[in-house]
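# Structural overview for review
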Amino acid sequence: MPLSSPSVNLFYHPCWQDSRVLDELCWGLEEQGVPCRAISCDDSTSALALSRRAAKSSALRVGLGLSVSGEIALTHAQLPEDRALICGHIAAGIEQIRTLGANAGQLVNVLPFSEIT
């Protein structure tokens, strides 16, 4: 059985399936050379809760969450349960969404975060 490479997990609500938002988050990660594994989660939990579950299930210990309401959270498995490193919203625009994905990759690569304007 082939092993899959470690990746940042992105847990998202199914309403975002095949969306540009999902693509931009993944492309931001890929720009940093970090694979993304997007996983649909059929529940209406918060972006923080989704990102926590994603981080805990990732070998890299980094996770992104995209809630039904469009909230986005980036976290690390070692952070307290009630904290995200960075939060955003799809209303911020495509450039900021992609930067949030890139920041997840920068966290893995131990690089400073890009500023989200």
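In short, a report on the structure. (Residues numbered from 1 in each chain as written. Predicted model: local features only at pLDDT ≥ 70, side-chain atom pairs only at ≥ 80, totals over all residues. Heavy atoms only, no water.)

## Considerations on helix H3 (residues 94-108)
Note: α-helices contain 3.6 residues per turn, so residues at a spacing of three or four share the same orientation. With 15 residues, H3 extends 22 Å between its outermost C-alpha atoms, agreeing within 8% with the 21 Å of an ideal straight helix rising 1.5 Å per residue. Among all positions of H3, only Gln96, Ile97, Thr99, Leu100, Gly101, Ala102, Asn103, Ala104, Gly105 and Gln106 are buried. Its buried side turned inward, H3 meets helix H1 (20-31), strand E3 (62-66), strand E4 (71-76) and strand E5 (86-89). Residue valine 110 follows H3 closely and has a positive phi angle near 55 degrees. (Helix = DSSP H or I, 4+ residues; strand = E, 2+ residues; numbered from the N terminus. Expected span 1.5 Å × (residues − 1). Buried < 20%, exposed > 50% of the residue type's maximum accessible area, 1.4 Å probe, protein only. Contact = heavy atoms within 4.5 Å.)

## Considerations on the nonpolar core
By size, the foremost hydrophobic cluster in this structure holds 19 residues, and its most contacted members are Leu25, Leu64, Leu66, Ile72 and Leu74. Put simply, the parts of the chain that give this core at least two residues each are strand E1 (8-12), H1, E3, E4 and H3. Here this core takes five residues from H1, the largest share from any one element. (Core = buried A, V, L, I, M, F, W, Y, C linked by side-chain atoms within 4.5 Å.)

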